[in-house]
Amino acid sequence: MIILTAKIVSIGLNRNGGDQQNLSVQAEILTKIRDFFQCKHLLPVGSGTSGLYTCLRAIGVRKKKVILPVLTCPNIVIAVYAAGGIPVVVDVSENDYNISLPSLKRAMDHDVKAVIAVDSFGYPAPIREIKKITAPYQCFVLEDACHAYGGKSGNEKIGTRGDAGVLSFGYSKPVDLLGGGFLLTQSDTLAQRLKQIISQWWFYQVKSKRNEIALNLMMESKYSLFSYLARYFFLLDYNWPLRQIQLLPEKWTMFINHLEKNLKNMSQVHGIISECRGINTFGYDPGVNWLPWRYSFKIPDGTNRMVFEKLAQENKIDFTRLYPPLDRHFKNLVINCDLDHARDLASTVYNLTYSLENDNTAILTEKLSVFSHQWNSMIAKT
Ligand SMILES: Cc1ncc(COP(=O)(O)O)c(C=O)c1O
């Protein structure tokens, strides 16, 4: 039976102030989101980062190792430091940028308290295999689904496959509200602990960790001390800002209404890119009901990369590159394996960007059809 009472959660949401009407709107949307994920406990948090921090505190990672993939968002490392854990980075798989299973196996020992399985760039992490590796150790698996919620892996909703799942509604996420997030868990015990931590006034504790976090950041990194203090002073505040709560029902409904269409369009995007010579696609299976946050592919050849950038610009196709490997931002990371795949992917992968709130994926397929003809004729000449 689903236990969460949306009302309790909405009271949590309402800490910043809000009237009775807001409260019932929130209760309704929280029930909708919880029903979508079919998850017993849904807890609002201020951001994906604060969600990760809260989970790590609930698990108790102080002075314990937390494993994460090296090719991911630096905020995850900040959450680990803030919770007092020791971040250990491992390489990623060349097939989908998710945590590399052989590297994870090598890094596991009895000091590892948690593995953060990031569904990197929307590609579902191999959680079942990760759990098999972590089973002999008393170790939690957290699913960071900040990029990937909306899709499924097999019969399971992305975000619900770990001991706890983290969703972000921050900048450029599937639902972009510039703030807010949720924690998902089926475990009553973990939910109880998470609620306890959320109910404490723990911002002070995070503040006291500020120096430790800052000292571990490279000064030349965009996550350096000054940037951190200026931009992320409230990074770990758990409250949803009121404006974001008000926007949540409309944005969530838009996201859900366009989900089927976007899933279908992404299969088409995959079909078009798969036909482009010199471009390697990743483990995206269009028969599977999941949604990449960015559609990613690899262009191994340097000259072809220049051709791609020029053609993409001419056709107004938006793209980004990957996050650089985390050791670019942090100087004291524990790294006990080669990071060869991560370094290769960081220099050869492109991500197509689109918004999931509207018909942007349809527009993308149209642009890509034109692009693919131009691309294949240009590559044939080289
Ligand atoms: C994979 C991943 N996890 C967590 C976060 C942190 O989410 P938030 O920006 O809501 O703190 C991000 C942010 O970009 C992310 O990309």
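Rules used in this analysis
- Residues numbered from 1 in each chain as written.
- Predicted model: local features only at pLDDT ≥ 70, side-chain atom pairs only at ≥ 80, totals over all residues.
- Helix = DSSP H or I, 4+ residues; strand = E, 2+ residues; numbered from the N terminus.
- Buried ≥ 20, exposed ≤ 12 C-beta atoms within 10 Å, placed from the backbone.
- Contact = placed C-beta atoms within 7 Å.
- Pairing = 2+ DSSP bridges.
- Axes fitted to C-alpha atoms, helices over the stretch in contact; angles between N-to-C directions.
- Right-handed = clockwise from strand over helix to strand, strands pointing away.
- Left-handed = near helix turned anticlockwise from the far one by under 90°.
- Nonpolar A, V, L, I, M, F, W, Y, C, P; charged D, E, K, R; others polar.
- Near = placed C-beta within 6 Å.
- Core = buried A, V, L, I, M, F, W, Y, C linked by C-beta atoms within 7 Å.
- Domains from an automatic or database assignment.

**Q** So what's going on with the overall build of the protein? Residues and values would help.
**A** Scanning the protein from terminus to terminus reveals 14 helices and 14 strands. Counting across all 382 residues of the protein, residues that qualify as buried make up 45%. In the protein, once contacts between residues fewer than 6 apart in sequence are set aside, the share between residues at least 24 apart is 71%.

**Q** Talk me through the sheet that holds strand β11 (residues 295-298); I want residue IDs and the actual numbers.
**A** Taken together, the 4 strands give an open sheet; going across it, the order is β10-β11-β14-β12, and neighbouring strands pair in antiparallel fashion. Of all the strands in the sheet, the pair left with one neighbour each is β10 (280-281) and β12 (319-320). Pairing between β10 and β11: 2 bridges, direction antiparallel. Opposite T281, over in β11, you have F297 as the bridge partner.

**Q** An account of the sheet that holds strand β5 (residues 140-144) is requested, with residue identities and associated values reported.
**A** One open sheet holds the 8 strands; their spatial order is β1-β9-β8-β5-β4-β2-β3-β13, and the pairing between them is mixed. The open sheet terminates on both sides in strands that have one partner only, identified here as β1 (41-45) and β13 (334-335). Packing of helix α7 (residues 188-199) onto the sheet brings it into contact with β1, β8 (164-168) and β9 (181-185), and relative to β1 it is tilted by some 20°.

**Q** Go over the environment of N336, please, and point to the residues and values.
**A** Tracing the chain through its elements places N336 in the loop between β13 and α13 (340-348). N336 sits 230 residues away from R106 along the chain, and the two C-alpha atoms are 8.5 Å apart.

**Q** Quick one: what's the story with the pairing of strand β4 (residues 112-118), residue by residue and with numbers?
**A** Consecutive residues of a regular strand have side chains that alternate between opposite faces of the sheet. Counting buried positions along β4 gives 7 out of 7 residues, so the element sits mostly inside the fold. Sheet topology places strand β2 (residues 65-69) next to β4; 3 bridges connect them, and they run parallel. Bridge pairing in β4 links I67 to V115. Handedness of the β4-helix α6 (residues 127-134)-β5 crossover: right-handed.

**Q** Tell me about the packing of helix α3 (residues 48-59) against helix α4 (residues 74-82), and please be specific about residues and values.
**A** Between α3 and α4, the least distance of the axes is 8 Å, while the angle of their chain directions is 35°. Where α3 crosses over α4, the two elements pack in a sense that is right-handed. Contacts between α3 and α4 pair G48, T49, L52, Y53 and L56 from the former with N75, I76, I78, A79, V80 and A82 from the latter. For the contact of α3 with α4, the class distribution of residues is 8 nonpolar, 3 polar and no charged.

**Q** I'd like a description of the site of the ligand, backed by residues and values.
**A** Around the ligand, a shell composed of 14 residues is seen, among which G48, T49, C73, S168 and G170 lie nearest. Of all the secondary structure elements, the ones that give two or more residues to the shell around the ligand are α3 and α4. Broken down by class, the residue content of the shell around the ligand amounts to 4 nonpolar, 9 polar and 1 charged.

**Q** So what's going on with α4? Residues and values would help.
**A** For α4, a buried count of 8 out of 9 residues is recorded, marking the element as mostly surrounded by other parts of the structure. Among all positions in α4, only N75, I76, V77, I78, A79, V80, Y81 and A82 are buried.

**Q** Give me the nonpolar core: which residues, what numbers.
**A** Among the nonpolar cores identified, the biggest contains 99 residues, and C55, L56, A114, V115, I116 and A117 are the most heavily contacted of them. Broken down by element, this core gets its largest block of residues, 7 residues, from α4. Summarising the domain contributions, this core has at least three residues from each of domain 1 (6-246) and domain 2 (249-381). Excluding residues that lie within four positions of it along the chain, C55 makes contacts with L142, A164, V166, L183 and L194.

**Q** Now, about the packing of α3 against α7: what can you tell me, with residues and values included?
**A** Between α3 and α7, whose axes approach to 9 Å, the crossing angle comes to 115°. With respect to the hand of their crossing, α3 and α7 are arranged in right-handed fashion. Along the contact surface, α3 presents T54, C55, R57 and A58, while α7 presents L190, R193, L194, I197 and I198. When its residues are assigned to classes, the contact of α3 with α7 shows 6 nonpolar, 1 polar and 2 charged.

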